[in-house]
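One letter stands for each residue in the lines below.
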Amino acid sequence: MTYERRDTLVLVALIVPAVAWLVFAQGYPLLYSLVLSFFNWSPGTGLGDFAGLSNFASILGDERFQGALKLSVLFLAKVPIELAIGFALALFILGQTAWRRGVRTLLLLPMLIAPIAVGSMWRLLLSSDSGLVNALLGTVGLPTPNWIGEQTTAVVAALWADSWEWIPFSIIIYVAALSGLDQTLLASAEVDGASQWQVLRYVIFPMTLPATLLILVFRSIDAFITIDIVYSLTFGGPGFATETGSLYIFKQGLRYFDISQAAAGSWVMLGMALVIATIVLKLKGQADRAVARN
Amino acid sequence: MGLRSTVAKKIGASLQSKGVKAPSARSKPGQAVVAFIVVGVWLLVTVVPLLALLLNSFKPPSDFYSGQFFPTDWTLQNYKQAFNGEVLGVLANSLIVAGSTVFFSVVLGTMAAYGLSRVRYAWVGVVVYLILAIRFYPKITVILPYYVMMRSLGLLDTLVAMVIAHVSITLPFVVLVMMTFFAEIPRSLEEAAAIDGASVVERFRYVVLPLVRPALVTSAILTAMVSWNEFLMAVSVSGENARTLPVLVSSFITDKGIRLGQMATVSVIIIVPIALFTLIGQRHLIRGLTLGAVKE
């Protein structure tokens, strides 16, 4: 369909308001944060003096920031476990019977709830003397640690709460992918005498690879930049044990108002997120092409 | 077709459900038992914590240190306290912000999506990619300068600052999702209308929009949900006046022990509308959350 010049102008005019809004509230601040990271902003003086790379140097030298980045990478590293659990559960709840659809809806719930509320919920459930988790553990005679009071268990609790919220995302994408699989191909593999494990390994895994990488695209970045759930679960504590990169930057910028240094830290995070995205998108491109060939 | 049409596919090859029989439907009885146990356990892991939270909100303060599942003495005390106190105003903020966010992002986002899916300039693809990128980069990078901007505009702790922020987060969802719906509409319909003399705006308004009405509802629900749940930008620019429910929940942490009941109650107030939405209308929700990559 061809458009006259005037029509094209109308179409462009439809785009302008949304783009202007995004430039004002996302694009401009994004670039401005880069400016901030090279100056010494303070509430009194504004932008202040040019600081060169000193903000980057000091935040990269901060052991607390290094620890926080390591924790963010740990959140990233647990994503494959989410995928594995999600995949297994998806296999079991495929199908169109009413109860399967009902189960799927219930299992979807956690990912739709505000992460801040999920953190609060697990804080209550994991509290050492009054929480449900320790009450259950105590009943069956297992140890009842002070979950969010000890460094190691607090990290476990944070990883768990985040997984609890986001495993449903893997489930639901895998359900969509598995439901769309070519049934004749699976049937012919079985006729050819393939065991169930072989069907899974050589047919289902490769064919759901695009779904796997789609989940990775969303979850790897989101896990790396986690903040809400640890904010309400532990606020980074005890000590700085559960402080993620984003949470450290938040505190540095909006609690201590060291905004320039925080901005430098946020660009370190952004650079790392970009590396993650590049790798995952490259893998995704390869997987999509591989599937397209078959 | 250039970049634009491949963007939706870029983040996911179409994963269309055809409602076929599940592989597991053919499995042996032993596996059915395993499936039943695994799914059953995960169902409990999902539902019991939510139930426990709900029950917590009906517990009197004395019950909070007993570790009991059910309240010994059911009470509405927490809810009375919540609605007599700060919660009512905060709830109003959440509703106003979510409502305004839905209005602006659905109207502006749908307009932009139509323009972007019909204009044939090379830069359109670039714009779509940039909009897509907003979903993915760390929001922590934006909140610091956004705070500085709102401070110098005198908009700190106002609902205006909240709505501007939330719309900028939800617009990409609406634009990308609506683009996938617009792509599915046969061009012949618009061509026929054009031959009958309908202008671009008339074709958009009277031919295209009625066809995507369900998608508009989906966009509205998704947008409301994202705004209702959003915490980071909200906590960055709000103080006592403009804070929303997630910000209020986060504020109970500093004085823990004293306000566990309020924390549970406000969490329940955040969760219940979302749970109801999910149970009633989850059509197209997955397409929305994956920015159009998965069409269920």
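Quick summary incoming for the structure in this document. (Residues numbered from 1 in each chain as written. Chains lettered and ligands numbered in written order. Predicted model: local features only at pLDDT ≥ 70, side-chain atom pairs only at ≥ 80, totals over all residues. Heavy atoms only, no water.)

## As for the overall build of chain A
Counting secondary structure elements, chain A contains 14 helices and 0 strands. Moving toward the C terminus, one meets the helices and strands of chain A in the order α-α-α-α-α-α-α-α-α-α-α-α-α-α. Seen through its C-alpha atoms, chain A measures out along the principal axes to roughly 75 × 75 × 30 Å. Sorting the 294 residues of chain A into buried and exposed places 57% on the buried side. Partitioning the intrachain contacts of chain A with sequence separation of at least 6 by distance along the chain shows that 66% fall at a separation of at least 24. When the accessible surface of chain A is split by element, carbon and sulfur atoms take 67% of a total near 12,100 Å². Taking the average location of the 17 positive side-chain charges in chain A and that of its 18 negative ones, the two points are 5 Å from each other. (Helix = DSSP H or I, 4+ residues; strand = E, 2+ residues; numbered from the N terminus. Buried < 20%, exposed > 50% of the residue type's maximum accessible area, 1.4 Å probe, protein only. Contact = heavy atoms within 4.5 Å. Areas by Shrake-Rupley, 256 points an atom, 1.4 Å probe, with all protein chains shown as cover. Lys, Arg positive; Asp, Glu negative; His and termini not counted. Charge placed at Lys NZ, Arg CZ, Asp CG, Glu CD.)

## A word on the packing of helix α4 (residues 87-118) of chain B against helix α7 (residues 159-183) of chain B
Residues and elements named next belong to chain B. Where α4 meets α7, the closest approach of the two axes is 6 Å, and the angle between their N-to-C directions is 40°. Compared by their axis directions, α4 and α7 come out oblique. Where α4 crosses over α7, the two elements pack in a sense that is right-handed. Considered class by class, the residues forming the contact of α4 with α7 number 19 nonpolar, 9 polar and 1 charged. (Axes fitted to C-alpha atoms, helices over the stretch in contact; angles between N-to-C directions. Parallel < 35°, antiparallel > 145°, perpendicular 65-115°, else oblique. Left-handed = near helix turned anticlockwise from the far one by under 90°. Nonpolar A, V, L, I, M, F, W, Y, C, P; charged D, E, K, R; others polar.)

## Some thoughts on the packing of aromatic side chains
Taken as a whole and assessed by the stated rule, the structure comprises 25 aromatic pairs over all chains. Measuring from ring centre to ring centre gives 6.5 Å for Phe38 of chain A and Phe50 of chain A, while their planes differ by 10°; the resulting arrangement is stacked. Of this pair, Phe38 of chain A sits in the loop between α1 (5-37) and α2 (54-60) while Phe50 of chain A sits in the loop between α1 and α2, placing them 12 residues apart in sequence. Plain terms: the ring middles of Phe58 of chain B and Tyr79 of chain B are 5.4 Å apart, the flat faces sit at 35° to each other, and that makes the pair tilted. Of this pair, Phe58 of chain B sits in the loop between α2 (29-56) and α3 (77-84) while Tyr79 of chain B is found in helix α3, placing the two residues 21 residues apart along the sequence. (Phe/Tyr/Trp six-rings, centres within 6.5 Å; stacked < 30°, edge-to-face > 60°.)

## Some details on the interface of chain B and chain A
Reports often express the size of an interface as the amount of accessible area lost when the parts come together. With 114 residues of chain B at the contact, the number on the chain A side is 101 residues. Summing both partners gives a buried area of about 9,500 Å² for chain B against chain A, and 78% of it is carried by carbon and sulfur. Looking at the side of chain B facing chain A, the largest losses of area belong to Trp42, Phe136 and Leu144 of chain B, adding up to 7% of the total buried there. Connecting chain B to chain A are 2 salt bridges. At 15 residues, the largest contribution of residues to the side of chain B that touches chain A is made by α2 of chain B. (Buried area = accessible area lost by both parts, 1.4 Å probe. Salt bridge = Lys/Arg side-chain N within 4 Å of Asp/Glu carboxyl O.)

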